[in-house]
Amino acid sequence: MTALMGLSQILRTAKLQVITDLSAADDFARLCNDLFNAGVDLIQVRETGLDRDQSVKVLESARQVAFDHRKMLVVGRDVELAAAYGADFLHLGASDGELPSARAKLSEFSLVGRSVHRAEELSSTGADYLFVGPVYGENVPGLGLVGEAAVAHPVVDVNSLPWFAVGGINADNLDEVLEAGAVRIAVSSAVTKAADPAAAAGALAERIGQVWRESNDLRSYVMAALGGGGALLGQPPAPPGPHDGPRAQ
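All values derive from a computational prediction rather than experimental measurement.

(A) Focus on the overall build of the protein chain. A tally of regular secondary structure across the protein chain gives 10 helices and eight strands. Across the 249 residues of the protein chain, 47% fall into the buried class. Considering only intrachain contacts with a sequence separation of at least 6, the fraction spanning at least 24 residues in the protein chain is 59%. When the accessible surface of the protein chain is summed, it comes to about 11,400 Å², and 50% of that surface belongs to carbon and sulfur atoms.

(B) Inspection of the environment of Phe131 at higher detail. Relative to the assigned elements, Phe131 resides in strand E6 (residues 129-132). Since its relative accessible area comes to 1%, Phe131 is described here as buried. Look past the residues within four positions of Phe131 in its chain and what remains in contact with it is Gln17, Ile19, Gln44, Arg46, His91, Arg114, Ser115, Val116, Phe164, Val166 and Ala186.

(C) Examining the sheet that holds strand E8 (residues 185-187) more closely. Around the barrel, which closes on itself, the eight strands sit in the order E1-E2-E3-E4-E5-E6-E7-E8 with parallel pairing between neighbours. In this sheet, neighbouring strand axes are inclined to one another by 25° on average, regardless of whether the strands run parallel or antiparallel. Relative to the sheet, helix H2 (residues 28-38) contacts strand E1 (16-20), strand E2 (42-45) and strand E3 (72-76), its axis offset from that of E2 by approximately 145°. In the packing of helix H3 (residues 52-69) onto the sheet, contacts are made with E2 and E3, and the angle to E3 comes to roughly 145°.

(D) Spatial organisation of the pattern of salt bridges. Scanning the model with the defined rule gives 10 salt bridges in all. For Asp175, the salt bridge goes to Arg207, with nearest N and O atoms at 2.6 Å. Note that Asp175 is positioned in helix H7 (residues 174-179) and Arg207 in helix H9 (residues 197-214), a separation of 32 residues in sequence.

(E) Local environment of the environment of Gly181. Structurally, Gly181 is set in the loop between H7 and E8. The class of Gly181 is buried, set by a relative accessible area of 12%. Expressed as a C-alpha distance, the spacing of Gly181 and Ala165, which sit 16 residues apart in the sequence, is 9.3 Å.

(F) Broad picture of the confidence of the model for the protein chain. Across the protein chain, the average pLDDT comes to 90, with 89% of residues at or above 70. Per-residue pLDDT stays below 50 along residues 229-240; that stretch engages in 23 contacts with residues further than four places along the chain or on separate chains.

Each value, and the rule that gives it
- Within each chain, residue numbers correspond to sequence positions counted from 1 in written order.
- Given that this is a predicted model, residues contribute local features only at a pLDDT of at least 70 and side-chain atom pairs are listed and counted only at 80 or more, while totals for whole chains, interfaces and linings are drawn from all residues.
- Neither water nor hydrogens contribute to the side-chain values; these are computed over all heavy atoms in the structure.
- To qualify as a helix, a DSSP run of H or I must reach at least 4 residues; to qualify as a strand, a run of E must reach at least 2; elements of each kind are numbered from the N terminus.
- The buried label applies to any residue whose accessible area, calculated with a 1.4 Å probe on protein chains only, is under 20% of its type's maximum; exposed applies above 50%, and partly exposed to all values in between.
- We call two residues contacting when some pair of their heavy atoms lies within 4.5 Å.
- Surface exposure here means Shrake-Rupley accessible area, sampled with a 1.4 Å probe, where a residue is shielded only by the protein chains that are shown.
- Between any two strands, at least two bridges found by DSSP are needed for them to pair.
- Between the N-to-C directions of two axes lies an angle of 0 to 180 degrees, each axis being a line fitted to C-alpha atoms and, for a helix, fitted only over the stretch in contact.
- Any Lys or Arg side-chain nitrogen located within 4 Å of an Asp or Glu carboxyl oxygen qualifies as a salt bridge.
- In predicted models, pLDDT denotes the confidence assigned by the predictor to each residue on a 0 to 100 scale.

Below you can see the structure in the form of structure tokens.
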């Protein structure tokens, strides 16, 4: 288990999550190191293509890399692998079973995320964080669900449930997702299928980070999430931005 920074703090200050698989690179630990260096906060592993013992071995090879960066690996949609690996984070799809049964196989400190596709699911999952989407594609909830998530779980409220917009997001459409109210983004092919995954991740991380840096409310959110400190301390106040709430007069 990661101890230097609490799991909740890592989650609440996360901005970019990349979804990949263990066969995405010959050296998975090196890929993780490159992506973490580029600004990725969470790397979620799905569809490993390996048996469980091999998957655990590869995940273990990257555990220290994540620890060194104060970032996290997430096991996606495989409760048994998460249990075998001792995962700090598990992500479940909308149809991947009940959370209580998944939690029972994990450490009491592990966090579990859930994908949601409808507005009525936003407040009824019992998860520690949400994936909201898909944002792009055919017959998908789209940007409307992103806006509803921003209302149900205000991004500047440290007591609100963290959530990531997901589904078809890339550098070309990122700004309209941010304008719809998202401040955390999850991507897959925008990074994993790029000619230079680290560079692609870095560009996304920089744009999302800019939103956090330019919002007074998000800066305050970070300080509250970290217990009064954080990387954004000491920077001058920013003018109100689209993710800031109303100012007292």
